[in-house]
Amino acid sequence: DTEVTQTPKHLVMGMTNKKSLKCEQHMGHRAMYWYKQKAKKPPELMFVYSYEKLSINESVPSRFSPECPNSSLLNLHLHALQPEDSALYLCASSQDRGAGSNYGYTFGSGTRLTVV
Amino acid sequence: GDSVTQMEGPVTLSEEACLTINCTYTATGYPSLFWYVQYPGEGLQLLLKATKADDKGSNKGFEATYRKETTSFHLEKGSVQVSDSAVYFCALRAVGVNTGNQFYFGTGTSLTVIP
């Protein structure tokens, strides 16, 4: 299995809703990432998990809450979002956060989130 | 700090035309360089990579050579197809205990190939 699977593919939520995005990989990768991508822009790093521990939070608002229940799963819990949070949310994984620069990331197809 | 500068788009080409998308980088260490492609409505896919100077990455007819002297990693294809229409991102990943996790993306270049 060489994929990163993200669910759901599309999500529409109100500003008072609570929802979760899910990401799963079975490649044995020990680093997992959440990125946010606005239209026609490059992905922006949000969070990095290394060996199931949060290692980087790029000053993301607390209405986004990541969780890594085990080495294969990564969740992003959403609460009280704003319309400007509408974007494509991408999950990625890699062999190891500090294993050297040779390894690329494997990206999922993303969840397209619309906040109304 | 480390960064990637990528050719602005959008780029529109006729089928079978030659493609070059310019990418230059700034890095303090010895980065690996990557090209990712994003097809409409999808996530990013690794297209090719090069991990040291003079390495050439290639895949699906695309090539890019890691040129340390010009700090460049230009993407080239001799004959594009309609199916190559996508956004292309140049990226670098820096070596180092504290920077190994960091990917720096260029701004992306949108390519449209017309029949």
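Whatever comes next refers back to the structure up there.
Novice: Mind laying out the overall build of chain A, listing which residues take part and the relevant values?
Specialist: Helix and strand counts for chain A come out as 0 helices and 11 strands. Reading chain A from its N end, one meets helices and strands in the order β-β-β-β-β-β-β-β-β-β-β. For chain A, whose C-alpha radius of gyration is 13 Å, the value lies close to the compact-globule estimate of 13 Å for 116 residues. A separation threshold of at least 6 residues defines the contact pool for chain A, and within that pool the share at least 24 residues apart is 57%. Carbon and sulfur atoms make up 48% of the accessible area of chain A, which totals about 5,600 Å². Looking at chain A, you have 13 positive and 10 negative side-chain charges, and the mean spots of the two groups are 6 Å apart.

Novice: Please set out the pairing of strand β8 (residues 62-65) of chain B residue by residue, giving values where relevant.
Specialist: Residues and elements named next belong to chain B. Looking at chain direction, strand β7 (residues 56-59) and β8 are connected through 4 bridges and run antiparallel. Bridging from a neighbouring strand, Gly-57 pairs with Ala-64 of β8. Connecting β7 to the next strand, β8, in antiparallel fashion are 2 residues, including Lys-60 with a positive phi near 55 degrees. Judged from the 3 bridges that link them, β8 and strand β9 (residues 75-77) form a sheet pairing that is antiparallel. Looking at β9, one finds that Phe-62 is bridged to Lys-77.

Novice: Help me get a handle on the environment of B:Ser79, residues and values and all.
Specialist: You can see B:Ser79 is positioned in the loop between β9 and β10 (86-93). Excluding residues within four positions of it along the chain, B:Ser79 makes contact with B:Glu16 and B:Ala17.

Novice: Quick one: what's the story with the packing of aromatic side chains, residue by residue and with numbers?
Specialist: The geometry of an aromatic ring pair is captured by two quantities: the separation of the ring centres and the angle between the planes. Residues and elements named next belong to chain A. All chains considered together, the criterion is met by 17 aromatic pairs over all chains. Between the aromatic rings of Phe-64 and Tyr-89, the centroid separation amounts to 5.8 Å while the plane-to-plane angle is 35 degrees, which identifies the pairing as tilted. Here Tyr-89 lies in strand β9 (residues 87-94) and Phe-64 lies in strand β7 (residues 64-70), a separation of 25 residues in the sequence. Overall, the relative accessible area of 5% leaves Phe-64 in the buried class. Note on Tyr-89: relative accessible area 0%, which makes it buried.

Novice: Mind laying out the sheet that holds β7(B), listing which residues take part and the relevant values?
Specialist: Residue and element names in this part refer to chain B. Taken in spatial order, the 4 strands line up as β3-β9-β8-β7 in an open sheet, and their pairing is antiparallel. Lying at the two open borders of the sheet, with one neighbouring strand each, are β3 (19-21) and β7. This sheet shows a mean twist of 15 degrees between the axes of neighbouring strands, independent of strand direction.

Novice: Tell me what's going on with the state of the cysteines, and back it up with residues and numbers.
Specialist: The tally for this structure, following the rule as stated, stands at 2 disulfides over all chains. Across the disulfide, A:Cys23 is cross-linked to A:Cys91 (sulfur-sulfur distance 1.9 Å). Sign of the S-S torsion, about -70 degrees for the bond between A:Cys23 and A:Cys91, identifies this disulfide as left-handed. On the criterion of sequence distance, the pair formed by A:Cys23 in strand β3 (residues 18-25) and A:Cys91 in strand β9 is long-range, its members being 68 residues apart. The residues A:Cys23 and A:Cys91 share a single accessibility class, namely buried. The partner cysteine of B:Cys23 in its disulfide is B:Cys90, sulfur to sulfur 1.9 Å. Around the S-S axis, the bridge from B:Cys23 to B:Cys90 shows a dihedral of about -70 degrees and counts as left-handed. Pair noted here: B:Cys23 is in strand β4 (residues 23-26) and B:Cys90 is in strand β10, with a separation of 67 residues, a long-range link. B:Cys90 matches B:Cys23 in its accessibility class, with the two residues each being buried. Counting only cysteine sulfurs, A:Cys23 is the nearest neighbor of A:Cys68, a cysteine outside any disulfide, at a range of 9.1 Å.

Thresholds applied
Residues numbered from 1 in each chain as written. Chains lettered and ligands numbered in written order. Predicted model: local features only at pLDDT ≥ 70, side-chain atom pairs only at ≥ 80, totals over all residues. Heavy atoms only, no water. Helix = DSSP H or I, 4+ residues; strand = E, 2+ residues; numbered from the N terminus. Rg over C-alpha atoms; globule rule 2.2 N^0.38 Å. Contact = heavy atoms within 4.5 Å. Areas by Shrake-Rupley, 256 points an atom, 1.4 Å probe, with all protein chains shown as cover. Lys, Arg positive; Asp, Glu negative; His and termini not counted. Charge placed at Lys NZ, Arg CZ, Asp CG, Glu CD. Pairing = 2+ DSSP bridges. Phe/Tyr/Trp six-rings, centres within 6.5 Å; stacked < 30°, edge-to-face > 60°. Buried < 20%, exposed > 50% of the residue type's maximum accessible area, 1.4 Å probe, protein only. Axes fitted to C-alpha atoms, helices over the stretch in contact; angles between N-to-C directions. Disulfide = S-S within 2.5 Å.

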